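# Chains, contacts and geometry: an overview
Here is what each chain is made of, one letter per residue.
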Amino acid sequence: MPELPEVETVRRGLIPAMEGRRIVSARLNRKDLRFAFPDRMAERLTGTQVERLDRRAKYLLARLGSGETLLMHLGMSGRFSILADDMARQPGDFVYAAPANPAHDHVVLEMEGGVTITYNDPRRFGFMTLFDTALEAQNPYLAQLGPEPDSNLFSGPHLAAALKGRRSPIKTALLDQRVVAGLGNIYVCEALWRARISPRRLAHTIAGERAERLAVAVRNVISEAIDAGGSTLRDYAGADGALGYFQHRFDAYGREGETCRGAGGRVCGKPVSRIVQQGRSTFFCPDCQR
Ligand SMILES: [Zn+2]
């Protein structure tokens, strides 16, 4: 499931295909994804220009000349691929993804300049909707989101304030998008490992220096993953996979039983553990993380 860094990588891959281009035609091959498409969606997209492609948390936001925003969420298995008529284009101008099963091509945007953007989603947990850009502050998907990890609003004091009084484990609290936007299971595990904080620690005990350490770990884990995605984009050969899905080297996530590399520069060597919290796997080192 894509988290913030993967969605950011998708955004960067889509920018050259979308920004500044008019949508010549929009085709919806069904009435819904996770939710029904909005009324007249194809007509509302057709003929308008994508002025900018933004991201907030795990949402892609295409700002349209019509005054509306196209909000896109990749769900579990959503992916975009880009095809261009102009084969003389230099590699790196676009990221070409291998074609997926066309039975799951649900939305096709023909862009100005002979560029086709296809949204494919076998499991259909993704969704798209349109809203009036001027009303963004009241949008139900966006209004409650906490700060982006790389924003000035996200800091140790912010975390301490957001976690104050919370009796849930910190692992669970960090998945709450009102605390910090865009984190999912993978990067929460990684950030807690890096900050040497146990996933079982009660959220309200995170304050002061510990909150500072956690904020720094969240920011660094996310920015390093975005950088890794960027290098994947540059090196992309078009062989397989889709925009933004790439293998990272994780320190905790998925490493049950493997040797801990030692969080925060510690010498460790103990095995990484796995527990289940709220139905989801948490990977951590009981030796490094307290
Ligand atoms: Zn360890």
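Residues numbered from 1 in each chain as written. Predicted model: local features only at pLDDT ≥ 70, side-chain atom pairs only at ≥ 80, totals over all residues. Heavy atoms only, no water.

This part is about the UniProt feature "binding site: DNA" (unreviewed entry) in the chain. UniProt's feature table lists "binding site: DNA" (unreviewed entry) at His104, Arg123 and Arg166, given in the numbering used throughout. Turning to its location among the elements, His104 is positioned in the loop between strand E5 (79–84) and strand E6 (105–111). Assessed through its relative accessible area of 24%, His104 is described here as partly exposed. Leaving out residues up to four positions away in the same chain, His104 has contacts with Tyr119, Asn120, Asp121 and Pro122. Checked against the element boundaries, Arg166 lands in the loop between helix H3 (156–163) and helix H4 (170–175). In this structure Arg166 touches Ala173, Asp176, Val179, Ala203 and His204, once residues within four positions along its chain are discounted. Within the local environment of Arg166, its side chain forms a polar contact with the backbone oxygen of Ala162, the two atoms lying 3.1 Å apart. (UniProt positions renumbered as here; feature names shortened; annotations may be inferred. Helix = DSSP H or I, 4+ residues; strand = E, 2+ residues; numbered from the N terminus. Buried < 20%, exposed > 50% of the residue type's maximum accessible area, 1.4 Å probe, protein only. Contact = heavy atoms within 4.5 Å. Polar contact = N/O pair within 3.5 Å; in protein donor to acceptor, adjacent residues only side chain to side chain.)

The next point concerns the sheet that holds strand E4 (residues 68–73). Pairing is antiparallel in the open sheet, where 4 strands are placed in the order E2-E3-E4-E8. Each edge of the open sheet carries a strand with a single partner, namely strand E2 (50–56) and strand E8 (127–132). Each adjacent strand pair in this sheet contributes to an overall mean axis angle of 20 degrees, direction not counted. In terms of strand pairing, E4 meets E8 through 6 bridges, oriented antiparallel. Looking across to E8, one finds that His73 is bridged to Phe127. The sheet strands contacting helix H1 (residues 4–18) are E2 and strand E3 (59–64), and the helix crosses E2 at an angle near 175 degrees. (Pairing = 2+ DSSP bridges. Axes fitted to C-alpha atoms, helices over the stretch in contact; angles between N-to-C directions.)

Taking strand neighbours across the sheet as the criterion, the 4 strands line up as E1-E6-E7-E5 in an open arrangement whose pairing is antiparallel. Two strands close off the open sheet at either side, each with one partner strand: strand E1 (23–28) and E5. Averaged over all adjacent pairs, the angle separating strand axes in this sheet is 15 degrees, with direction ignored. The sheet contact formed by E1 and E6 spans 5 bridges and is antiparallel.

A surface patch of nonpolar side chains, amounting to about 280 Å² of accessible area, comprises Met1, Met76 and Phe125. For Met1, the location among the structural elements is in the segment before H1. Note on Met1: relative accessible area 53%, which makes it exposed. (Patch = residues over 30% accessible without salt bridge, like charges linked within 9 Å, V, L, I, M, F, W, Y side chains within 5 Å. Areas by Shrake-Rupley, 256 points an atom, 1.4 Å probe, with all protein chains shown as cover. Salt bridge = Lys/Arg side-chain N within 4 Å of Asp/Glu carboxyl O.)

The description of two aromatic rings rests on the distance between their centres and on the angle between their planes. Counted under the stated rule, the structure contains 8 aromatic pairs. Ring centres of Tyr59 and Tyr141 lie 5.9 Å apart, and the angle between their planes is 50 degrees; on these two criteria the pair is classed as tilted. Separated by 82 residues along the polypeptide, Tyr59 in strand E3 and Tyr141 in the loop between E8 and H3 bring together distant segments of the chain. By relative accessible area, which is 13% here, Tyr59 ends up buried. Taking 5.7 Å as the distance between ring centres and 80 degrees as the angle between the ring planes, the aromatic pair formed by Phe250 and Tyr253 counts as edge-to-face. You can call Phe250 buried: its relative accessible area is 17%. The exposure class assigned to Tyr253 is partly exposed, which follows from its relative accessible area of 27%. (Phe/Tyr/Trp six-rings, centres within 6.5 Å; stacked < 30°, edge-to-face > 60°.)

To continue, consider the environment of Thr259. Tracing the backbone through its elements, the reader meets Thr259 in the loop between helix H6 (208–235) and strand E9 (273–277). With relative accessibility at 46%, the residue Thr259 sits in the partly exposed group. Taking the C-alpha atoms as reference points, Thr259 and Val272, 13 residues apart in sequence, are found 6.2 Å from one another.

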